Amino acid sequence: MKEPLVNKKVKLDLVGVNGNAYAVMGAFKKQARKEDWTDKEIDLVLEKAMSSDYDHLLATIVQYCE
């Protein structure tokens, strides 16, 4: 796997999150803000997540969750 854009992870369990892309990104963004990520860090992850299909989006978000 490629080197992560941001060397952080959020404490987020995606089980139970509505499976649509906007809900997944929203849950990630909300938790990242709670954990004091900068807007730039959040945007980098979300831009990468949205750069391809839904499977890529999920894999990217999961990469930044613990």
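Our subject is the structure that appears above.
Everything quoted here is computed from the prediction, not taken from an experiment. (Residues numbered from 1 in each chain as written. Predicted model: local features only at pLDDT ≥ 70, side-chain atom pairs only at ≥ 80, totals over all residues. Heavy atoms only, no water.)

Draft legend 1. Structural context of the overall build of the chain. Each helix and strand in the chain was counted, giving three helices and zero strands. Written out in order from the N terminus, the α and β elements of the chain read α-α-α. Relative to the 2.2 N^0.38 estimate, which gives 11 Å for 66 residues, the radius of gyration of the chain is 11 Å and therefore close to what a compact globule would have. On the principal axes, the C-alpha backbone points of the chain span a range of 25 × 25 × 20 Å. The 66 residues of the chain split such that 33% are buried. Once local pairs closer than 6 in sequence are excluded, the contacts in the chain between residues at least 24 apart make up 57%. Put simply, the chain shows about 4,400 Å² of open surface, and 53% of that area lies on carbon and sulfur atoms. (Helix = DSSP H or I, 4+ residues; strand = E, 2+ residues; numbered from the N terminus. Rg over C-alpha atoms; globule rule 2.2 N^0.38 Å. Buried < 20%, exposed > 50% of the residue type's maximum accessible area, 1.4 Å probe, protein only. Contact = heavy atoms within 4.5 Å. Areas by Shrake-Rupley, 256 points an atom, 1.4 Å probe, with all protein chains shown as cover.)

Draft legend 2. Looking closely at the side chain of Gln31. For Gln31, the location among the structural elements is in helix 1 (residues 21-34). On the accessibility criterion, Gln31 (18% relative accessible area) is buried. Non-local contacts of Gln31, meaning those with residues more than four positions away in its chain, are made with Val10, Lys11 and Leu12.

Draft legend 3. Representation of the environment of Leu57 in the model. With respect to the secondary-structure elements, Leu57 resides in helix 3 (residues 54-63). The sequence separation of Leu57 and Val6 amounts to 51 residues, and the corresponding C-alpha distance is 16 Å. With near-sequence residues (within four places) excluded, Leu57 lies in contact with Ala21, Val24, Met25, Ala49 and Met50.

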